[in-house]
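Topology and contacts: notes
Next come the chains, spelled out residue by residue.
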Amino acid sequence: MGQKFKVSIKDLSKRRPFGLFDFKDTSELEPLDIIIGQKRAVEAIDFGLNMKGPEYNIFVTGLEGTGKSTIVKKLLIEHAKKYETSKDLCLVNNFDDVYCPVVIEMPAGSAVYFSRSMIQFIEVLKTKIPGFFEIPSFQEEQNKIYKETSNRQKELSDDVEQLAESTGFSIISTEEEYQVVPVSDGQPMSQEAYQSLDEATRREMDENRVQVEEMLDESLFEINKLGEEMKAVLKQLVTSKTEQLISEQIDPVRYYFRDCKDIQIYLKNVKEDIIDNIATFLGVKGSKDAEGRKILEMTGSLVKRYQVNVLVDRIHEKGAPVVFEPNPSFHNLFGKIEKKPVMGSFETDFTMVHAGSLLKANKGYLVINIEPLLMNASVWESLKRTLQDSMLRIEDMPDQADYGMPSLKPAPIPLNVKVILVGGYEPFRILQSADSGFNKIFKVRADFDYEVELTDENIYNYARFIARVCKKENLLSFTPDGVWAVIEYGNRMVADQQKLSLRFGHILGILKEADYWTKKDNALMVSEGYVIKALNQHRFRHNLYEEKVLAEFDDQSVLIDVKGKVTGQVNALAVYDMGEIAFGRPTRITAESYMGTPGIINIEHESDLSGETHDKGVMIVSGYLGRMFAQNYPLSVSISITFEQSYDGVDGDSASSTELYAVLSSLCGIPIRQEIAVTGSVNQKGEIQAIGGVNEKIEGFFDICVKKGLTKTQGVMIPSSNVKNLVLRKDVAQAIEKKLFHLFSVKTIEEGIEVLTGVKAGEPDSNACFPENTVFGKVQEKLKKYHELSMRYAK
């Protein structure tokens with residue numbers, strides 16, 4: 001029965017090409033140095049890297065394990081070598097506004113030298129400035145200025161004293177002012193004595209007092225002026241000496257950075273600021289009392305004033321920077337301004353500013369995983385704004401700013417960086433549909449394929465890939481049959497005999513595990529047996545749930561028949577995806593037909609256990625029945641369909657053909673072979689359509705048949721379009737080859753019902769009537785009977 005629908009042995013798997021592997025083991029192969037099967041993605045990345053403009057950032061998509069990150073890294077490093085190394089970046093104090101520090105660019109690899117030079121420079125000044133002003137020559141010059149000014153001031157004071165004395169007055173100094181008072185016999189005259197004088201004498205004394213006071217005012221003005229002039233001369237002297245000392249120490253640094261205009265300006269500002277704060281430097285030496293300690297604290301603050309905060313150091317870099325950010329938090333991307341607690345408050349300064357990945361990647365490339373980036377909406381919005389503006393601002397997080405607390409606002413930094421986002425399909429699908437800003441700044445899509453054509457060239461490159469991994473990871477070499485076992489696994493991963501998997505991350509794991517089992521047996525090379533053992537052991541570590549599910553069939557907890565015939569009952573197949581593995585599980589579908597309200601009752605739907613796709617499949621079954629059997633009269637039948645012992649919900653349409661077979665069996669009364677499980681979706685024309693997980697479904701039913709005992713008649717019926725997807729386990733393929741288990745492939749419902757019942761479906765005549773001794777003839781007879789009865793009861 002159904003022999004013509006059996007799948008041929010040669011269709012079960014891809015045969016190893018003869019003569020392709022001309023090596024004894026992979027150590028003889030040249031390690032792979034090219035990228036397999038990713039032409040589209042590689043060209044897209046190359047396009048994005050060479051396109052200029054802030055909108056041509058790249059998003060890289062693909063399944064996990066397709067080598068996205070590895071290939072992106074390789075391409076970026078090769079591309080970055082073509083460009084000059086970016087400049088170092090430092091943050092320095094803004095002496096005019098300490099809350100707005102200044103960013104300075106300098107040649108690559110020179111930032112640390114500049115920072116250390118400034119530290120050394122200040123430390124030297126702390127020592128030399130106090131000592132410099134204690135040397136005899138400076139003291140003599142300073143004393144000379146003091147003496148000259150003092151003498152001139154004394155001359156002015158003596159002239160006033162002489163005039164006062166000659167006119168009978170004396171000048172008395174108080175805390176607040178100078179007073180001109182008359183004297184008598186060398187003593188200040190009392191008010192009574194002054195009043196006792198005659199009017200002419202008093203008038204003369206008043207005139208003399210005015211004269212003395214005027215001369216005193218003029219003298220005091222000149223004395224103060226001389227004091228100011230002395231200070232200016234002393235300051236000029238100190239400035240001259242300080243400039244000389246500063247120049248001696250800083251000129252080597254100035255010369256080293258002679259082509260860096262920003263550093264020249266900064267060093268000029270440093271010199272001026274040191275001179276303005278010279279008193280603090282002079283107070284460093286001696287002074288061990290409280291005042292001295294205060295001066296030392298001020299000096300420490302001054303030293304920090306002139307420090308250089310190295311934001312980006314590229315001393316070890318060659319070419320444009322390539323930065324990978326695994327944890328794209330706000331601070332890691334944009335930088336951080338630290339704060340330290342001080343006496344119940346917080347303080348910060350420019351030395352506590354740290355660069356983020358964007359600044360480190362400036363004038364280069366930044367690679368970010370999309371999934372962790374989207375965990376924080378504010379980070380994503382800030383990244384978009386930064387890329388659109390091409391300006392980077394190092395600041396506190398918008399939603400975490402501490403109001404009332406001092407903070408810095410460094411000047412915005414021009415940003416020229418190419419961002420490459422890497423992730424799966426779903427995050428990018430959401431962004432493209434829901435975020436209008438995404439498509440404006442990420443115009444380049446690089447899509448990584450997960451499979452490649454199974455050609456001799458790609459097979460050989462697979463072997464070279466294994467050779468590369470063995471060399472890089474220090475693994476044992478693989479024999480040709482070991483290599484072919486890996487290729488079969490790559491074939492199995494995509495479930496297509498004409499394709500190979502490009503998910504090399506998973507392949508790498510199997511290579512390492514096969515090497516482990518080989519070394520454990522003290523073998524010299526990895527053969528096919530060790531690859532198979534690695535695959536079996538990997539499955540064993542993950543399939544506890546699978547074993548628990550299959551064990552339910554042993555004690556009849558879950559009912560299933562694998563022999564005999566039953567009307568209206570078919571074994572369907574479902575796939576359970578557990579992440580690392582997937583496995584098939586048979587489930588019983590039953591259908592009952594009877595007179596009643598026309599239509600199909602989907603019991604899963606009525607119980608809220610049916611998904612949308614499954615509901616669609618049931619409606620397709622209804623459409624097929626109407627097309628085939630309701631051309632001459634309406635259907636007057638109620639049909640109920642259910643997945644027996646299903647409590648977790650049902651979705652998908654891969655069992656729609658199975659449901660239709662159960663319905664047809666119930667209507668025609670012909671029993672269905674229980675030793676054949678069925679999978680495949682159906683359309684309203686009765687054509688069987690391809691489904692997923694065909695290998696897991698076949699293997700799942702095979703395992704149940706083995707548990708219950710093979711009868712040599714058991715098997716699985718699949719869509720013909722799924723034959724190319726057959727990459728079965730070795731034990732299943734061997735059982736089929738020995739005719740212990742069978743595979744059938746069908747294209748239509750008519751072919752499938754013939755395999756399941758052993759009776760032809762039948763073809764309609766010009767009146768849409770089917771032959772009596774066919775499945776469809778009996779279905780039509782039953783439906784006609786129901787229609788006639790319904791008409792009779794309607795009367």
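For the structure itself, consult the block above.
Described in the following lines is the structure provided in the data block. From a predicted model like this one, the values you see are computed outputs, not experimental measurements. (Residues numbered from 1 in each chain as written. Predicted model: local features only at pLDDT ≥ 70, side-chain atom pairs only at ≥ 80, totals over all residues. Heavy atoms only, no water.)

1. Considering the sheet that holds strand β5 (residues 178-184)
With respect to topology, three strands assemble into an open sheet ordered β4-β5-β6, the strand pairing being antiparallel. Each edge of the open sheet is held by one strand with a lone partner, namely β4 (169-173) and β6 (187-188). Of the strand pairs in this sheet, β4 and β5 are connected by five bridges, and their pairing is antiparallel. Of the residues in β5, the one forming a bridge with I172 is Q179. (Pairing = 2+ DSSP bridges. Helix = DSSP H or I, 4+ residues; strand = E, 2+ residues; numbered from the N terminus.)

2. Some details on helix α25 (residues 730-737)
Restricting attention to buried positions, one finds in α25 the residues V732, A735 and I736. Along the axis of α25, the buried positions cluster into a sector of 100 degrees, meaning they face one direction only. The inward-facing, buried residues of α25 contact α24 (694-708) and β30 (742-746). Looking one or two residues past α25, K739 carries a phi angle of roughly 65 degrees, positive in sign. (Buried < 20%, exposed > 50% of the residue type's maximum accessible area, 1.4 Å probe, protein only. Arc of directions from axis to C-beta. Contact = heavy atoms within 4.5 Å.)

3. Observations regarding the sheet that holds strand β2 (residues 88-92)
Here three strands make up an open sheet; going across it, the order is β3-β2-β7 and the pairing antiparallel. Looking at the sheet topology across the chains shown, the edges are occupied by β3 (102-106) and β7 (309-312). Each adjacent strand pair in this sheet contributes to an overall mean axis angle of 35 degrees, direction not counted. Relative to β3, β2 is paired through five bridges, and the arrangement is antiparallel. Its bridge partner being in β3, V92 is matched across the sheet by V102. (Axes fitted to C-alpha atoms, helices over the stretch in contact; angles between N-to-C directions.)

4. Here's the deal with the side chain of D703
Structurally, D703 can be placed in helix α24. According to the relative accessible area criterion, D703 is buried, its value standing at 17%. When near neighbours in sequence (up to four residues on either side) are disregarded, D703 contacts E546, L550 and R729.

5. Comments concerning the packing of helix α16 (residues 456-473) against helix α17 (residues 480-494)
At their nearest, the axes of α16 and α17 sit 10 Å apart, and the two run at 115 degrees to each other. The angle between the axes of α16 and α17 places the two elements in the roughly perpendicular class. Judged by the sense of rotation from one axis to the other, the crossing of α16 with α17 is right-handed. The residues of α17 that touch α16, namely those facing I459, Y462, A463 and I466, are V483, W484, V486, I487 and G490. (Parallel < 35°, antiparallel > 145°, perpendicular 65-115°, else oblique. Left-handed = near helix turned anticlockwise from the far one by under 90°.)

6. Digging into the pattern of salt bridges
One pass over the structure, following the stated rule, counts 33 salt bridges. Here K154 makes a salt bridge to D158, at a shortest N to O gap of 3.0 Å. Residue K154 and its partner D158 are both found in helix α4 (residues 136-166); the two are separated by four residues, about one turn of the helix. Between R729 and D731 there is a salt bridge, with its nearest N and O atoms 3.0 Å apart. For R729, a relative accessible area of 24% corresponds to the partly exposed category. Looking at D731, the relative accessible area reads 34%, which means it is partly exposed. Linked by salt bridges that have partners in common, E381, K384 and D435 make up one network. (Salt bridge = Lys/Arg side-chain N within 4 Å of Asp/Glu carboxyl O.)

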